[in-house]
Amino acid sequence: MGEKLIKLAVNGGIDFGAKLNGKQLLMLARYMGEEQELEVTTFQQLYVDVPESRLEEAKADFSSVGLSCYPVGNYVKSLRTCNFCKGELEEGMPVAKEINRRIAGRVVPFTLKPAYTGCPVGCGEPLVNDIGVIKQHGERFDLYVGGKAKGLDARTGELFADGLEEDALYGLIDRLIDLYAAEGKKREQFAKFVGRYGLDELKEKVMA
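First, a word on scope: everything that follows refers to the structure included in this document. (Residues numbered from 1 in each chain as written. Predicted model: local features only at pLDDT ≥ 70, side-chain atom pairs only at ≥ 80, totals over all residues. Heavy atoms only, no water.)

### Quick notes on the overall build of the protein chain
The number of helices and strands found in the protein chain is six helices and eight strands. Starting at the N terminus and ending at the C terminus, the protein chain contains elements arranged as β-α-β-β-α-β-α-β-β-β-β-α-α-α. A principal-axis box enclosing the C-alpha atoms of the protein chain has dimensions of 50 × 40 × 30 Å. Counting the 208 residues in the protein chain, one finds 46% classified as buried. The contacts in the protein chain between residues at least 6 apart in sequence include a share of 61% that link residues at least 24 apart. Entry remark: accessible area of the protein chain is about 10800 Å², with carbon and sulfur atoms responsible for 50%. Counting 28 positive and 32 negative side-chain charges, the protein chain places the centres of these two groups 3 Å from one another. (Helix = DSSP H or I, 4+ residues; strand = E, 2+ residues; numbered from the N terminus. Buried < 20%, exposed > 50% of the residue type's maximum accessible area, 1.4 Å probe, protein only. Contact = heavy atoms within 4.5 Å. Areas by Shrake-Rupley, 256 points an atom, 1.4 Å probe, with all protein chains shown as cover. Lys, Arg positive; Asp, Glu negative; His and termini not counted. Charge placed at Lys NZ, Arg CZ, Asp CG, Glu CD.)

### Structural notes on the sheet that holds strand 2 (residues 39-40)
The strand order across the open sheet formed by four strands is 2-3-1-4, and the pairing between neighbours is antiparallel. Edge positions in the sheet fall to strand 2 and strand 4 (68-71), since each of these pairs with one other strand and no more. Relative to strand 4, strand 1 (residues 5-11) runs antiparallel, the two sharing four bridges. Paired with Ala-9 across the bridge in strand 4 is Tyr-70. (Pairing = 2+ DSSP bridges.)

### A few points about the pattern of salt bridges
Across all of its chains, the model carries 15 salt bridges by this definition. One salt bridge connects Arg-80 with Glu-125, and the closest N-O pair in it is separated by 3.3 Å. Of this pair, Arg-80 sits in the loop between strand 4 and helix 3 (93-103) while Glu-125 sits in the loop between strand 5 (114-117) and strand 6 (131-136), and the two are 45 residues apart along the sequence. Accessibility expressed as a relative area gives 18% for Arg-80, which makes it buried. Look at the salt bridges and you will find they share partners, linking Glu-98, Arg-101, Arg-102, Arg-106, Asp-174 and Asp-178 into a network. (Salt bridge = Lys/Arg side-chain N within 4 Å of Asp/Glu carboxyl O.)

### Brief notes about the pairing of strand 6
Counting buried positions along strand 6 yields five of six residues, so the element is predominantly enclosed. Pairing of strand 5 with strand 6, which is carried by four bridges, proceeds in the parallel orientation. Of the residues in strand 6, the one forming a bridge with Tyr-116 is Val-133. Strand direction decides the pairing type here: strand 6 and strand 7 (residues 140-145), joined by six bridges, are antiparallel. Bridge pairing links Ile-131 to Val-145 in strand 7. Connecting the antiparallel pair strand 6 and strand 7 is a turn made up of three residues, with Gly-138 showing a positive phi of about 80°.

### Points about helix 6 (residues 199-207)
Turning to helix 6, its buried residues number three or more, namely Leu-199, Leu-202 and Val-206. Looking straight down helix 6, one finds that the buried residues subtend no more than 60° of arc, so they occupy a single side. The exposed set on the far side of helix 6, more than 90 degrees from its buried face, consists of Asp-200 and Glu-204. Those residues of helix 6 hidden inside the fold are in contact with strand 7, strand 8 (158-164), helix 4 (166-183) and helix 5 (190-197). (Arc of directions from axis to C-beta.)

### A closer look at helix 2 (residues 55-64)
Turning to helix 2, its buried residues are Leu-55, Ala-58, Asp-61 and Phe-62. The buried residues of helix 2 occupy an angular sector of 125° when the element is viewed end-on, so they sit on one face. Away from its buried face by more than 90 degrees, helix 2 exposes Glu-56 and Ser-64. The secondary structure elements touched by the buried residues of helix 2 are strand 1, helix 1 (22-30), strand 3 (46-51) and strand 4.

### Observations regarding the nonpolar core
Within the largest apolar cluster, 37 residues are counted, with the highest numbers of intra-cluster contacts made by Ile-99, Tyr-116, Leu-143, Phe-160, Leu-169 and Leu-202. Considering every element that reaches this core, the biggest residue donor is helix 4, with eight residues. (Core = buried A, V, L, I, M, F, W, Y, C linked by side-chain atoms within 4.5 Å.)

Structure, rendered in structure tokens:
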């Protein structure tokens, strides 16, 4: 029986779209056998299996070429983003990076998928993910919750708060995830948690 493998979620970080360069691909290949495959997820991540004894070495190597690593399972996923077609500052990439820094990898009852888009076109699909952020004109942000992309009960998220400044946005997202982590049932999807709690009650609790 071979050594235990640990699955890592890897991407090129929060940047202009989901891209990898040659150095990053070569580094990933160093940790793969000839028959081993990379799993490409719908959330701008690659899943790679790393031997347990080389886990910390792999994380350091991946980081050295600009790859970000995240745990796989019941955690907050790394932030899904749009391609930031109008530029880093205009579409709020620093805000997207800060959101990702604050929440990615946090333990939750069930995998939570956040998404961000830099304008109302919504290329990052924020309305069909658990937590969605849309940047509006004038450095303000709208926050949506409870979107669901798959299943017969698929639906768009509901507007939770609009016209938010950066700090208010970060605070609401933090408190939403805190509440879900504390009161969500085991393997309860975030959309179901929002439905069970009720949008008005959720607002009252989080905005108090």
